[in-house]
Amino acid sequence: MKACADCQASAQREHWGFTAGCAGCCARAASRSPHFRRVRDAAMQPDSQYRRLLSQFGLQHEQVRAAAAADRIGS
């Protein structure tokens, strides 16, 4: 998956831009959601609300975890 300009910028510095239709931006948006944080902080399996979010964006949990790791805002 090729990173768009917004994905590249968010890996370099705090960045709040998103590109419509970019899977990386969707994963980054999901990683900033309260659903992902709840699941991550509780070290639990994805619950129904979080799975619904993943389905809405067409993502896998691993993609969201990778986006969270690359996002400077989460660092």
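It should be noted that the structure appears before, not after, this text.
Notes on the structure in this doc start here.

## Section: the packing of helix H2 (residues 23–31) against helix H5 (residues 61–70)
1) Next: The geometry of H2 relative to H5 is characterised by a closest axis approach of 8 Å and an angle of 80° between their N-to-C directions. Of the possible angle classes, the one that applies to H2 and H5 is roughly perpendicular. Contacts between H2 and H5 involve Ala-27, Arg-28, Ala-30 and Ser-31 on the former and, on the latter, Gln-63, Val-64, Ala-67 and Ala-68.
2) Next: Of the residues belonging to the contact of H2 with H5, the class tally is five nonpolar, two polar and one charged.

## Examining the packing of helix H3 (residues 34–41) against helix H4 (residues 48–57)
1) Next: For the pair H3 and H4, the least separation of the axes is 9 Å and the interaxial angle reads 130°. Taken together, the axes of H3 and H4 lie oblique to each other. When you trace H3 past H4, the crossing you get is left-handed. Touching His-35, Phe-36, Arg-38 and Val-39 of H3 are Gln-49, Tyr-50 and Leu-53, all from H4.

## Quick look at the nonpolar core
1) Next: With 12 residues, the main nonpolar core is built from Cys-26, Ala-27, Ala-30, Phe-36, Val-39, Tyr-50, Leu-53, Leu-54, Leu-59, Val-64, Ala-67 and Ala-68.
2) Next: Within the residue set of this core, elements represented by two or more residues are H2, H3, H4 and H5.

## Focus on the pattern of salt bridges
Close approach of charged atoms allows side chains of opposite charge to pair.
1) Next: A complete count under the given rule lists three salt bridges for this structure.
2) Next: The residue Asp-71 makes a salt bridge to Arg-32 at a minimum N-O spacing of 2.8 Å. Of this pair, Asp-71 sits in the segment after H5 while Arg-32 sits in the loop between H2 and H3, and the two are 39 residues apart along the sequence.
3) Next: When its relative accessible area of 2% is taken as the criterion, Asp-71 is described as buried.
4) Next: Classification of Arg-32 as partly exposed rests on a relative accessible area of 22%.
5) Next: Note that Asp-47 and Arg-38 form a salt bridge whose closest N and O atoms lie 2.8 Å from each other.
6) Next: Arg-38 gets classed as partly exposed once you look at its relative accessible area, which sits at 30%.

Reading the values: rules and limits
Residues numbered from 1 in each chain as written. Predicted model: local features only at pLDDT ≥ 70, side-chain atom pairs only at ≥ 80, totals over all residues. Heavy atoms only, no water. Axes fitted to C-alpha atoms, helices over the stretch in contact; angles between N-to-C directions. Helix = DSSP H or I, 4+ residues; strand = E, 2+ residues; numbered from the N terminus. Parallel < 35°, antiparallel > 145°, perpendicular 65-115°, else oblique. Contact = heavy atoms within 4.5 Å. Nonpolar A, V, L, I, M, F, W, Y, C, P; charged D, E, K, R; others polar. Left-handed = near helix turned anticlockwise from the far one by under 90°. Core = buried A, V, L, I, M, F, W, Y, C linked by side-chain atoms within 4.5 Å. Buried < 20%, exposed > 50% of the residue type's maximum accessible area, 1.4 Å probe, protein only. Salt bridge = Lys/Arg side-chain N within 4 Å of Asp/Glu carboxyl O.

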